[in-house]
Amino acid sequence: MTSDGVAYERRSAAQVVAPARPRKLAKVPFVELAEGRLQGVVSSGSDIERVYVSSVTAGEHGLSCNTNNNRPCGGLSQAYGRACKHIESLVAEAVLQYGTDRVARYLKAEVPEGASVMSALKTTGAENRAAEVFASFLRHLAYLELPASTDPLPELQWFPAAGAVS
(Lines give C-alpha, C1' and ligand atoms only; values in the text may rest on other atoms or scores of the structure.)
Protein backbone atom coordinates (compact mmCIF):
# COMPACT_ATOMS: atom_id res chain seq x y z
CA MET A 1 0.00 0.00 0.00
CA THR A 2 1.11 3.54 -0.68
CA SER A 3 0.85 6.36 1.83
CA ASP A 4 -2.47 7.40 0.27
CA GLY A 5 -3.94 3.90 0.77
CA VAL A 6 -3.81 2.74 -2.87
CA ALA A 7 -2.33 -0.68 -3.56
CA TYR A 8 0.80 -0.63 -5.76
CA GLU A 9 -0.94 -2.95 -8.23
CA ARG A 10 -3.59 -0.28 -8.85
CA ARG A 11 -1.16 2.52 -9.70
CA SER A 12 0.17 3.43 -13.14
CA ALA A 13 3.71 3.76 -11.81
CA ALA A 14 5.85 0.86 -10.69
CA GLN A 15 7.68 0.89 -7.41
CA VAL A 16 11.41 1.29 -8.09
CA VAL A 17 13.67 -1.04 -6.17
CA ALA A 18 17.02 0.50 -5.32
CA PRO A 19 20.11 -1.48 -6.37
CA ALA A 20 21.58 -3.77 -3.74
CA ARG A 21 24.93 -2.00 -4.24
CA PRO A 22 26.09 0.71 -6.64
CA ARG A 23 27.56 -0.58 -9.88
CA LYS A 24 29.50 0.87 -12.81
CA LEU A 25 27.66 0.83 -16.12
CA ALA A 26 30.68 0.88 -18.45
CA LYS A 27 31.25 -2.90 -18.46
CA VAL A 28 27.62 -4.10 -18.19
CA PRO A 29 25.32 -1.24 -19.22
CA PHE A 30 22.15 -3.34 -19.14
CA VAL A 31 21.07 -6.19 -16.88
CA GLU A 32 17.56 -7.44 -16.15
CA LEU A 33 15.63 -10.39 -14.82
CA ALA A 34 12.94 -10.87 -17.45
CA GLU A 35 11.25 -13.44 -19.66
CA GLY A 36 12.59 -16.36 -17.61
CA ARG A 37 16.19 -15.24 -18.06
CA LEU A 38 18.91 -13.20 -16.51
CA GLN A 39 19.84 -11.18 -19.57
CA GLY A 40 21.88 -8.18 -20.50
CA VAL A 41 24.45 -6.43 -22.62
CA VAL A 42 28.18 -6.61 -21.84
CA SER A 43 30.76 -4.31 -23.41
CA SER A 44 33.62 -5.83 -25.37
CA GLY A 45 37.01 -5.32 -23.80
CA SER A 46 38.73 -5.03 -27.17
CA ASP A 47 36.33 -3.25 -29.55
CA ILE A 48 34.34 -0.16 -28.56
CA GLU A 49 31.76 -0.84 -31.29
CA ARG A 50 31.05 -4.40 -30.14
CA VAL A 51 28.85 -5.58 -27.31
CA TYR A 52 27.89 -9.07 -26.25
CA VAL A 53 24.27 -10.00 -25.65
CA SER A 54 24.29 -12.63 -22.92
CA SER A 55 21.66 -14.60 -21.03
CA VAL A 56 21.18 -17.38 -18.50
CA THR A 57 17.82 -19.16 -18.46
CA ALA A 58 16.06 -19.77 -15.17
CA GLY A 59 15.84 -23.39 -14.08
CA GLU A 60 18.03 -25.18 -16.60
CA HIS A 61 20.74 -22.45 -16.55
CA GLY A 62 21.12 -22.42 -20.33
CA LEU A 63 23.86 -20.05 -21.49
CA SER A 64 23.75 -17.87 -24.58
CA CYS A 65 26.23 -15.20 -25.67
CA ASN A 66 26.46 -13.49 -29.06
CA THR A 67 27.77 -10.20 -30.39
CA ASN A 68 25.44 -7.38 -31.39
CA ASN A 69 26.10 -8.61 -34.99
CA ASN A 70 24.70 -12.02 -33.99
CA ARG A 71 28.04 -13.84 -34.07
CA PRO A 72 28.60 -16.47 -31.37
CA CYS A 73 30.97 -15.66 -28.53
CA GLY A 74 34.25 -17.52 -28.91
CA GLY A 75 34.66 -17.95 -25.14
CA LEU A 76 31.37 -19.72 -24.53
CA SER A 77 31.60 -23.50 -24.58
CA GLN A 78 28.02 -24.77 -24.80
CA ALA A 79 29.23 -28.34 -25.34
CA TYR A 80 30.96 -28.33 -21.96
CA GLY A 81 28.55 -25.91 -20.24
CA ARG A 82 31.37 -23.47 -19.54
CA ALA A 83 30.52 -19.79 -19.25
CA CYS A 84 32.45 -17.05 -21.00
CA LYS A 85 33.73 -13.92 -19.28
CA HIS A 86 30.71 -11.97 -20.58
CA ILE A 87 28.24 -14.23 -18.78
CA GLU A 88 30.40 -14.17 -15.65
CA SER A 89 30.35 -10.35 -15.77
CA LEU A 90 26.59 -10.35 -16.35
CA VAL A 91 25.94 -12.58 -13.32
CA ALA A 92 28.29 -10.50 -11.15
CA GLU A 93 26.55 -7.25 -12.13
CA ALA A 94 23.12 -8.80 -11.58
CA VAL A 95 24.18 -9.66 -8.04
CA LEU A 96 25.25 -6.04 -7.52
CA GLN A 97 21.96 -4.77 -8.97
CA TYR A 98 19.50 -7.20 -7.39
CA GLY A 99 21.38 -9.02 -4.62
CA THR A 100 22.47 -12.64 -4.39
CA ASP A 101 19.21 -13.96 -2.95
CA ARG A 102 16.99 -12.42 -5.63
CA VAL A 103 19.19 -13.54 -8.54
CA ALA A 104 19.52 -17.08 -7.14
CA ARG A 105 15.77 -17.30 -6.52
CA TYR A 106 14.99 -16.07 -10.05
CA LEU A 107 17.42 -18.51 -11.66
CA LYS A 108 16.24 -21.32 -9.36
CA ALA A 109 19.79 -21.95 -8.16
CA GLU A 110 20.77 -23.34 -4.77
CA VAL A 111 23.62 -21.11 -3.61
CA PRO A 112 25.46 -22.48 -0.56
CA GLU A 113 26.44 -20.03 2.17
CA GLY A 114 29.50 -18.04 1.08
CA ALA A 115 29.38 -19.31 -2.53
CA SER A 116 28.76 -17.25 -5.66
CA VAL A 117 25.70 -17.50 -7.87
CA MET A 118 27.94 -18.37 -10.84
CA SER A 119 29.44 -21.35 -9.02
CA ALA A 120 25.95 -22.67 -8.20
CA LEU A 121 24.75 -22.79 -11.81
CA LYS A 122 24.51 -26.20 -13.50
CA THR A 123 24.95 -24.83 -17.00
CA THR A 124 23.87 -26.09 -20.40
CA GLY A 125 23.59 -24.54 -23.84
CA ALA A 126 20.57 -22.40 -24.70
CA GLU A 127 18.79 -21.07 -27.74
CA ASN A 128 20.11 -17.77 -29.09
CA ARG A 129 17.92 -14.96 -27.71
CA ALA A 130 20.25 -12.10 -28.65
CA ALA A 131 17.69 -10.29 -30.83
CA GLU A 132 15.07 -10.22 -28.06
CA VAL A 133 17.55 -9.14 -25.39
CA PHE A 134 19.12 -6.45 -27.59
CA ALA A 135 15.65 -5.11 -28.51
CA SER A 136 14.85 -4.81 -24.81
CA PHE A 137 18.12 -2.91 -24.27
CA LEU A 138 17.31 -0.51 -27.14
CA ARG A 139 13.81 0.06 -25.73
CA HIS A 140 15.34 1.06 -22.40
CA LEU A 141 17.83 3.37 -24.13
CA ALA A 142 14.99 5.15 -25.93
CA TYR A 143 13.55 6.29 -22.58
CA LEU A 144 16.84 8.01 -21.77
CA GLU A 145 16.41 10.23 -24.82
CA LEU A 146 13.04 11.58 -23.68
CA PRO A 147 12.99 15.04 -22.09
CA ALA A 148 12.50 15.08 -18.33
CA SER A 149 8.79 15.22 -17.53
CA THR A 150 6.29 14.07 -14.96
CA ASP A 151 3.66 13.46 -17.65
CA PRO A 152 2.64 9.80 -18.09
CA LEU A 153 3.98 7.88 -21.06
CA PRO A 154 1.13 6.29 -23.06
CA GLU A 155 3.06 3.07 -23.77
CA LEU A 156 3.53 2.56 -20.03
CA GLN A 157 -0.14 3.02 -19.13
CA TRP A 158 -0.96 -0.66 -18.57
CA PHE A 159 -3.01 -0.18 -15.43
CA PRO A 160 -5.95 2.11 -14.70
CA ALA A 161 -5.24 5.31 -12.83
CA ALA A 162 -5.29 5.23 -9.03
CA GLY A 163 -8.82 5.23 -7.69
CA ALA A 164 -10.38 3.79 -10.85
CA VAL A 165 -13.05 1.17 -10.31
CA SER A 166 -12.80 -2.05 -12.30
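Predicted, not measured: the structure shown is a model, and the values here were computed from it.

Conventions adopted
- Residues numbered from 1 in each chain as written.
- Predicted model: local features only at pLDDT ≥ 70, side-chain atom pairs only at ≥ 80, totals over all residues.
- Heavy atoms only, no water.
- Helix = DSSP H or I, 4+ residues; strand = E, 2+ residues; numbered from the N terminus.
- Buried < 20%, exposed > 50% of the residue type's maximum accessible area, 1.4 Å probe, protein only.
- Polar contact = N/O pair within 3.5 Å; in protein donor to acceptor, adjacent residues only side chain to side chain.
- Contact = heavy atoms within 4.5 Å.
- Salt bridge = Lys/Arg side-chain N within 4 Å of Asp/Glu carboxyl O.
- Pairing = 2+ DSSP bridges.

Colleague: So what's going on with the side chain of Arg37? Residues and values would help.
Modeller: The residue Arg37 is located in strand S2 (residues 37–43) in this model. For Arg37, a relative accessible area of 5% puts it in the buried group. A distance of 3.0 Å separates polar atoms of two side chains, one belonging to Arg37 and the other to Glu35. Only 3.3 Å separates the side chain of Arg37 from the side chain of Glu132, close enough to count as a polar contact. With sequence-adjacent residues up to four places away left out, Arg37 is seen in contact with Glu32, Ser55, Val56, Thr57, Ala58, Tyr106, Arg129, Glu132 and Val133.

Colleague: Hey, could you go over the pattern of salt bridges for me, with residue numbers and the actual values?
Modeller: Taken as a whole and assessed by the stated rule, the structure comprises five salt bridges. Arg37 is paired through a salt bridge with Glu35; the nearest N and O atoms lie 3.0 Å apart. In this structure, Glu132 engages Arg129 in a salt bridge whose closest nitrogen and oxygen atoms are separated by 2.8 Å. Assessed through its relative accessible area of 32%, Glu132 is described here as partly exposed. The partly exposed category is assigned to Arg129, whose relative accessible area is 26%. Where salt bridges share partners, they join Glu35, Arg37, Glu127, Arg129 and Glu132 into one cluster.

Colleague: Give me the lowdown on the sheet that holds strand S3 (residues 51–57), citing residues and values where you can.
Modeller: Strand pairs in the sheet, formed through backbone hydrogen bonds, run parallel or antiparallel to each other. On the basis of which strands lie adjacent, the open sheet formed by five strands has the order S1-S2-S3-S4-S5 and mixed pairing. Taken across any chain shown, the strands that pair with only one partner, and hence form the sheet edges, are strand S1 (30–34) and strand S5 (124–125). Alignment of S2 against S3, held across seven bridges, turns out to be antiparallel. In the sheet register, Val42 faces S3, and the bridge partner there is Tyr52.

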